[in-house]
Amino acid sequence: MLKSPMKVVITGGAGQIAYNLLFRIASGEMLGLDQPIIMSILEIPSSMEALEGVHMELQDCAYPLLKEVILTTSAEEAFDGADLAILVGAKPRGPGMERKDLITENAKHFVSQGAAINKMANKNMRVFVVGNPCNTNCLVTMHHCPDIDNSQFFAMTQLDCNRSKYQIATKVSCHVDDVTDMVIWGNHSSTQVPDIFNTKVNGKPIRSVVKDDSWLENEFIQTVQKRGAAVIKARGKSSAASAANAILDSIRNIYSTDQHFTAGVCSKGNPYGVDEDLIFSFPLMSKGDGKYEIRKGFEFDPFLEERIKLTEKELIEERDMVAHLLK
């Protein structure tokens, strides 16, 4: 028996990530083959013609689960009655633009989207932020949703986790599913920390399987941290298909039960001593119905601890850059 339709909002609907995402959502790949979807797509006015082309393709797929598609430039219309928001749209970094400029420019848009979510969406909805810098954009959105619990906000680090698992699996010639407890700590940026202390391969500590600390501490971490830039260099465009795939993985994890995963979440009350007003990526366990808990018991060696402090410092600096937007 089919469930009641779920309203899913996707921003930046005419962009590359969305083009790789929308059809997979409509097919039932994200929320299940028993979950009808009302898809609400938010775009800027200049991209509406391209979005209409995407809409035509969605129509031509004749997806049984796709009950309605709403195209709009109004945030309030887009988020009206929403159950899930996937915030993909964000301005890319341009020539000569400093990271500080990008953070401030993008954060403004998440102020208005947060206000619209707080006013119009269902109060039990989940908000998943992809547009970069996603941790800080998520923090801004959360601060402008005082009527929605902080635990309902997420920033995507699953793409970094997937990249990490592939690199490890290739190094030791195992299947990616054999790499478990892989966590991305901190920020989705070049300071992110793939966990090379607690991760396991076929149930064994990663260092005992890889047996190459120099590779783990240098080449592996740097490859994961710089993978996005490597993709841009190779194809002339940022990651799209892999990002869309990571969004699907993340949403399935969020709505699962007893699933271990990694995402940026509100750091309040965390068991690892991280500043309590950040969106920080932790090891998580899903508890069903979009709920989770931060997993306890992960230990840090000096190498890991030092790098976690660095990514925390960067997130605090980003928060300071947008402090005027958090009031």
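Our structure is the block above this text.
Residues numbered from 1 in each chain as written. Predicted model: local features only at pLDDT ≥ 70, side-chain atom pairs only at ≥ 80, totals over all residues. Heavy atoms only, no water.

**Focus: the overall build of the chain**
Argument step 1. Per the secondary structure count, the chain includes 11 helices and 14 strands.
Argument step 2. A globule of 327 residues ought to have a C-alpha radius of gyration of about 20 Å, and the chain, at 19 Å, matches this closely.
Argument step 3. With respect to the three principal axes, the spread of C-alpha positions in the chain is 50 × 45 × 40 Å.
Argument step 4. In the chain, buried positions account for 53% of the 327 residues.
Argument step 5. Taking all contacts inside the chain whose residues are at least 6 apart in sequence as the whole, residues at least 24 apart take part in 73%.
Argument step 6. Here the chain displays about 14,400 Å² of accessible surface, and carbon together with sulfur accounts for 50% of that area.
Argument step 7. Looking at charge distribution, the chain has the averaged site of its 35 positive side-chain charges lying 2 Å from that of its 42 negative ones. (Helix = DSSP H or I, 4+ residues; strand = E, 2+ residues; numbered from the N terminus. Rg over C-alpha atoms; globule rule 2.2 N^0.38 Å. Buried < 20%, exposed > 50% of the residue type's maximum accessible area, 1.4 Å probe, protein only. Contact = heavy atoms within 4.5 Å. Areas by Shrake-Rupley, 256 points an atom, 1.4 Å probe, with all protein chains shown as cover. Lys, Arg positive; Asp, Glu negative; His and termini not counted. Charge placed at Lys NZ, Arg CZ, Asp CG, Glu CD.)

**Brief notes about the environment of Asp160**
Argument step 1. Relative to the helices and strands, Asp160 resides in helix H6 (residues 158–172).
Argument step 2. On a C-alpha basis, the gap between Asp160 and Gly228 in space is 9.2 Å, while along the polypeptide they are 68 residues apart.
Argument step 3. The residues touching Asp160, leaving out its near neighbours within four places in the chain, are Ile184, His188, Gln192 and Val224.
Argument step 4. There is a polar contact of 3.1 Å between the side chain of Asp160 and the side chain of Gln192. (Polar contact = N/O pair within 3.5 Å; in protein donor to acceptor, adjacent residues only side chain to side chain.)

**Observations regarding the nonpolar core**
Argument step 1. In this structure, Met39, Ile86, Trp185 and Ile247 are the most contacted members of the largest nonpolar core, which totals 55 residues.
Argument step 2. Not counting chain neighbours up to four residues away, the residues in contact with Ile86 comprise Val8, Val9, Ile10, Thr11, Leu21, Ile25, Met30, Phe128, Val130, Ile247 and Ile251. (Core = buried A, V, L, I, M, F, W, Y, C linked by side-chain atoms within 4.5 Å.)

**A few points about the environment of Leu66**
Argument step 1. The topology assignment puts Leu66 in strand S3 (residues 66–72).
Argument step 2. Apart from the residues lying within four places of it in its own chain, the contact partners of Leu66 are Ala26, Ile37, Met39 and Leu58.

**Digging into unusual backbone geometry**
Argument step 1. For the bond running from Asn132 to Pro133, omega is -5°, close enough to zero to count as cis.
Argument step 2. Tracing the backbone through its elements, the reader meets Pro133 in the loop between strand S5 (126–129) and helix H5 (134–143).

**Some points on the pairing of strand S1 (residues 6–11)**
Argument step 1. Burial analysis of S1 places 6 of its 6 residues in the buried class, the great majority of the element.
Argument step 2. Because side chains alternate across S1, one face comprises the buried residues Met6, Val8 and Ile10, and the other comprises Lys7, Val9 and Thr11, equally buried.
Argument step 3. In terms of strand pairing, S1 meets strand S2 (residues 37–42) through 6 bridges, oriented parallel. Residue Val8 lies in a different strand from S2, and its bridge partner there is Met39.
Argument step 4. In this view, the connection linking S1 to its parallel neighbour S2 by way of helix H1 (residues 16–27) has right-handed handedness. (Pairing = 2+ DSSP bridges. Right-handed = clockwise from strand over helix to strand, strands pointing away.)

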